[in-house]
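Below are the chains, spelled out letter by letter.
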Amino acid sequence: SYVRRSPRMTPSQRGWLDQYAARWVIPVAAADHLATAVAPQPALDLQQVFGRTAPLVVEVGSGHGDTLAAAATARPDRDFLGFEVFEASLASTLGKVAAAGSTNVRLVAADAVTGLTHLLKDESVTELWVFFPDPWPKTRHHKRRLVTPAFAGLAARKLRPGGLIRLATDWSAYARAMAETFDADDRFDCGGTARFAGRPVTKFEARGLAAGRTIHDLAYVKVAP
């Protein structure tokens, strides 16, 4: 779980949050007043949340919303749920979604691990996206990485049979660790390493490329029982 950083926002971000949060941000019960962990509670009624039944795509750490807004516009037949812990990023996402005119996006201002655990029913997710999670490059910090065998287990529970988890990182060592984690889990088959065409090049990725780092994409399919 994370502790929220400073809530400082630009006037535009504050305006987007004030205007659109009630429409697109799902209120959830927090585990405490400091952390972004989600408390145990009934799972979301996705049909009620989105006003329809459609395949669900979940993005872990939606950042400033570049990928989420673009994907929602390109795939109106799918519903998109983004988890983001930083309020300013959440506000920027709201602005982009509003500008795109998309109605198939909802956001949760919370940690994705506890959010996935408590808010989504098992086998309810069609795709799970984890793009550029914090690599925690120092060895002593590897235990803080998101993608671990425990996270793979959580993904296996929440994905539908045949569902897909997509991952991307610009840290080669983390890419190898991700691949080792999912290769070792017999609930998943490798779905390829080609760049996901539905992921636009964000400013974050561009900085990695400018620094000379290689972008690694991974995809794994949940094996049907």
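Before reading on, note that the structure itself is shown above.
Below is a short write-up of the structure. Chains are numbered independently. Their residues run from 1 in the order of the written sequence. Predicted model: local features are reported for residues with pLDDT of at least 70 only, side-chain atom pairs are reported and counted for 80 or more only, and whole-chain, interface and lining totals are derived from all residues. Remark: hydrogens and water are excluded; side-chain values derive from all non-hydrogen atoms of the structure.

Considering the overall build of the chain
So the rule is basically this: Working definition: helices are DSSP H or I runs of at least four residues, strands are E runs of at least two. Numbering for both runs from the N terminus. The globule rule is 2.2 Å times the number of residues to the power 0.38, and the radius of gyration it is compared with is taken over C-alpha atoms. The cut-offs for exposure are 20% and 50% of the maximum accessible area for each residue type, with area from a 1.4 Å probe on protein chains only; residues under the lower value are buried, those over the upper are exposed, and the others partly exposed. In this description, contact between two residues means that some pair of their heavy atoms is separated by no more than 4.5 Å. Surface accessibility in these figures is a Shrake-Rupley result with a 1.4 Å probe; residues are shielded only by whichever protein chains are displayed.
Across its full length, the chain carries 8 helices and 7 strands. Relative to a compact globule of 225 residues, whose C-alpha radius of gyration would be 17 Å, the chain shows 17 Å and is just as compact. Taking the principal axes of its C-alpha atoms as reference, the chain extends roughly 45 × 40 × 35 Å. Counting over 225 residues, the chain shows a buried share of 48%. Intrachain contacts of the chain at a sequence separation of at least 6 include 80% that bridge at least 24 residues. Counting only carbon and sulfur atoms, one obtains 55% of the accessible surface of the chain, whose full area is about 11200 Å².

So, the packing of aromatic side chains
The condition that has to hold: Side-chain rings of Phe, Tyr and Trp (the six-membered ring for Trp) are treated as a pair once their centres are within 6.5 Å; stacked means planes under 30 degrees apart, edge-to-face means over 60, and tilted covers the remaining angles. Two limits define a charge over a ring: the Lys NZ or Arg CZ must be within 6 Å of the ring centre, and within 35 degrees of the ring normal.
As enumerated under the stated definition, the model contains 8 aromatic pairs in all. For the pair Trp129 and Phe196, a centre-to-centre distance of 5.4 Å together with 65 degrees between the ring planes defines the contact as edge-to-face. In this pair, Trp129 is assigned in strand S4 (residues 125-131) and Phe196 in the loop between strand S6 (188-192) and helix H8 (203-210), connecting sequence segments 67 residues apart. Residue Trp129 is classed as buried on the basis of its relative accessible area of 4%. Its end group placed over the ring of Trp24, Arg23 keeps NZ or CZ at 5.0 Å from the ring centre.

Structural notes on the sheet that holds S4
Sheet strands line up and pair through hydrogen bonds in the backbone, either parallel or antiparallel. This is how the line gets drawn: Strand pairing requires that DSSP identify at least two bridges connecting the strands. As a rule, the C-alpha atoms of each element are fitted with a line to give its axis, helices using only the stretch in contact, and angles between N-to-C directions run from 0 to 180 degrees.
Reading across the sheet, the 7 strands line up as S3-S2-S1-S4-S5-S7-S6 and stay open at both edges, with mixed pairing between neighbours. Every other strand in the sheet has two partners, leaving strand S3 (105-108) and S6 as the edge strands with one partner each. Within this sheet the neighbouring strands show an average axis-to-axis angle of 20 degrees, counted without direction. Here helix H6 (residues 149-158) sits on the sheet and contacts S4, strand S5 (159-169), S6 and strand S7 (216-222); the angle it forms with S5, its principal contact strand, is near 140 degrees.

Here's the deal with the nonpolar core
In summary, soluble globular proteins display a tendency toward joint burial of nonpolar side chains. Rule in force here: The set of buried Ala, Val, Leu, Ile, Met, Phe, Trp, Tyr and Cys residues whose side-chain atoms join them within 4.5 Å is what this entry labels a nonpolar core.
Core analysis: the biggest nonpolar cluster contains 34 residues, and Val58, Leu116, Leu128, Ile165 and Leu167 have the highest contact counts within it. Excluding residues that lie within four positions of it along the chain, Val58 makes contacts with Leu81, Phe83, Leu116, Leu120, Val125, Glu127, Leu128 and Trp129.

Observations regarding the side chain of Ser92
With respect to the helices and strands, Ser92 occurs in helix H4 (residues 87-100). Look at Ser92 and you get buried, because its relative accessible area is 6%. Those residues in contact with Ser92 that lie beyond four places of it in its chain are Gln13, Trp16 and His64.

A few points about helix H3 (residues 66-74)
Buried within H3 we find Thr67, Leu68, Ala69, Ala71 and Ala72. Where H3 is buried, its residues meet strand S1 (56-60), strand S2 (79-83), H4, S3 and S4.

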